[in-house]
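# Structural overview for review
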Amino acid sequence: MADGGNVIYHFKADDKDLTSKLKGVGKVAAGVGAGLGAAFVAGTGVAIGAIANLTKKSVESFAEYEQLEGGLESLFGKGSKEMNKVLKLSENAYKDVTMSQNEYLNSFQATYSIMKNGLSENADAIEYTNKMISISSDLYNTYGGSVENYSNAINWALKGTYSYLGNLNIGIKGTKEGFIEAANKSGVLKKQIKDTSELTNDQIIDVIEHYTKAAGALNKTQEEASKTIQGSMNMMKSSWENLITGFSKDGADVGKLLDEFINSASTFVNNLFPVIERALTGLLNILPKVLNSIVTKLPGAIQRLLPPLLTALTKLLQ
């Protein structure tokens, strides 16, 4: 009944019954609250753990970059045009050779000092070191294996050991005489040679590049990165590693790195989804035939299996 605008309810139960019911509701509410709280804490813990791992990875990756940058400063001088050129090459390496910036700089510094021997200009040594890395990456994307194996084979040739060149699979025999023969046949030297001592390092790379092109492997990396699942995944992975490193870099253009990762990821997805679609279409096409076969054979199988199954169950019950 109404009393001054208030609604008054009359309970037939006594106060104890009401109190106990309200306490029960309170316990349920408390339980729900505790469950939500636990879920929130667990989710927060996962998020914090992920951020902590990402931060650790970023710091470690930047520490490696810092050492590599210091190596470039020792080679060319801080802020020099040569150093800036190498850094620019390394920034684009994620799409050119599907390497992260750190991976590229590691490979560059492992080869540059060897390449520089016999070349008078730093710019020439930088150009041919980059060309060697590109050839190694192209051969890897053509024949598989590892980039390091191809790089090592070429580096040994630059040091006068030609026995590993046969592993490049481009038609150069793995001997000193085999390389002389290949160099003379290539025509890139504009002369005939009798000994490898007549060759400079840039000429060795030119000969290897000639046979890489003849084998159809030159520029294979960029083709794979744009058109294949594996190649675009490698590009995406490299751009992600660059982004992680960039988080810890002072003054890094994180927005640019993020765009590069998003574009790489989009290329990967565009290459992946048509394959998934074809796989699902093929599966859906064959599934009715499989089910029809199962349905056709099922009655006979049940008739054969049911008696021994019932016997086994009877024995189990006994």
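As a starting point, this report considers the structure included with it. (Residues numbered from 1 in each chain as written. Predicted model: local features only at pLDDT ≥ 70, side-chain atom pairs only at ≥ 80, totals over all residues. Heavy atoms only, no water.)

### Some points on the overall build of the chain
Scanning the chain from terminus to terminus reveals 11 helices and 2 strands. When the helices and strands of the chain are placed in sequence order, the string is β-β-α-α-α-α-α-α-α-α-α-α-α. For the chain, the residues scored as buried account for 32% of the 318 residues in total. The long-range share in the chain, meaning contacts at least 24 apart out of those at least 6 apart in sequence, stands at 59%. Taken as a whole, the chain presents about 19,500 Å² of accessible surface, with 59% of it coming from carbon and sulfur. (Helix = DSSP H or I, 4+ residues; strand = E, 2+ residues; numbered from the N terminus. Buried < 20%, exposed > 50% of the residue type's maximum accessible area, 1.4 Å probe, protein only. Contact = heavy atoms within 4.5 Å. Areas by Shrake-Rupley, 256 points an atom, 1.4 Å probe, with all protein chains shown as cover.)

### Observations regarding the pattern of salt bridges
As enumerated under the stated definition, the model contains 8 salt bridges in all. Here K131 ties to E209 by a salt bridge, and the two come within 3.5 Å at their closest N and O atoms. Highlighted residues: K131 in helix α5 (residues 122-143) and E209 in helix α8 (residues 201-214), separated in sequence by 78 residues. On the basis of relative accessible area, K131 is assigned to the buried category, the value being 17%. A relative accessible area of 22% places E209 in the partly exposed class. Taking the shortest distance from any N to any O, the salt bridge between D195 and K176 comes out at 3.2 Å. Taken as a pair, D195 in the loop between α7 (176-186) and α8 and K176 in helix α7 lie far apart in primary sequence, 19 residues in all. (Salt bridge = Lys/Arg side-chain N within 4 Å of Asp/Glu carboxyl O.)

### A word on the side chain of N234
By secondary structure assignment, the location of N234 is in helix α10 (residues 229-247). The exposure class assigned to N234 is buried, which follows from its relative accessible area of 14%. The contact partners of N234, leaving out residues within four places of it in the chain, are T98 and Y140.

### Comments concerning the nonpolar core
Residues F108, L168, F179 and I208 are the most contacted members of the largest nonpolar core, which totals 48 residues. Secondary-structure elements contributing two or more residues to this core are α1 (15-76), α2 (81-91), α4 (101-116), α5, α6 (147-158), α7 and α8. In this structure F108 touches L72, F76, V86, I126, T129 and I133, once residues within four positions along its chain are discounted. (Core = buried A, V, L, I, M, F, W, Y, C linked by side-chain atoms within 4.5 Å.)

### With respect to the packing of α4 against α6
Between α4 and α6, whose axes approach to 10 Å, the crossing angle comes to 15 degrees. The pairing of α4 with α6 is recorded here as roughly parallel in orientation. Here α4 and α6 pass one another in a crossing that is left-handed. Taken together, the residues of α6 that come into contact with α4 (itself represented by S107, A110, T111, I114 and M115) are S151, N155 and L158. Classifying every residue of the contact of α4 with α6 by side-chain character gives 4 nonpolar, 4 polar and no charged. (Axes fitted to C-alpha atoms, helices over the stretch in contact; angles between N-to-C directions. Parallel < 35°, antiparallel > 145°, perpendicular 65-115°, else oblique. Left-handed = near helix turned anticlockwise from the far one by under 90°. Nonpolar A, V, L, I, M, F, W, Y, C, P; charged D, E, K, R; others polar.)

### What to know about α8
Over its 14 residues, α8 runs 20 Å from end to end, which matches the ideal 20 Å to within 8%, given 1.5 Å per residue. By the criterion of burial, α8 is predominantly enclosed, with 10 of the 14 residues buried. Taken together, the buried positions of α8 are occupied by N201, D202, Q203, I204, I205, D206, V207, I208, Y211 and T212. Against the buried residues of α8 lie α4, α5, α6 and α7. (Expected span 1.5 Å × (residues − 1).)

Worth remembering: the numbers are spatial, not functional.
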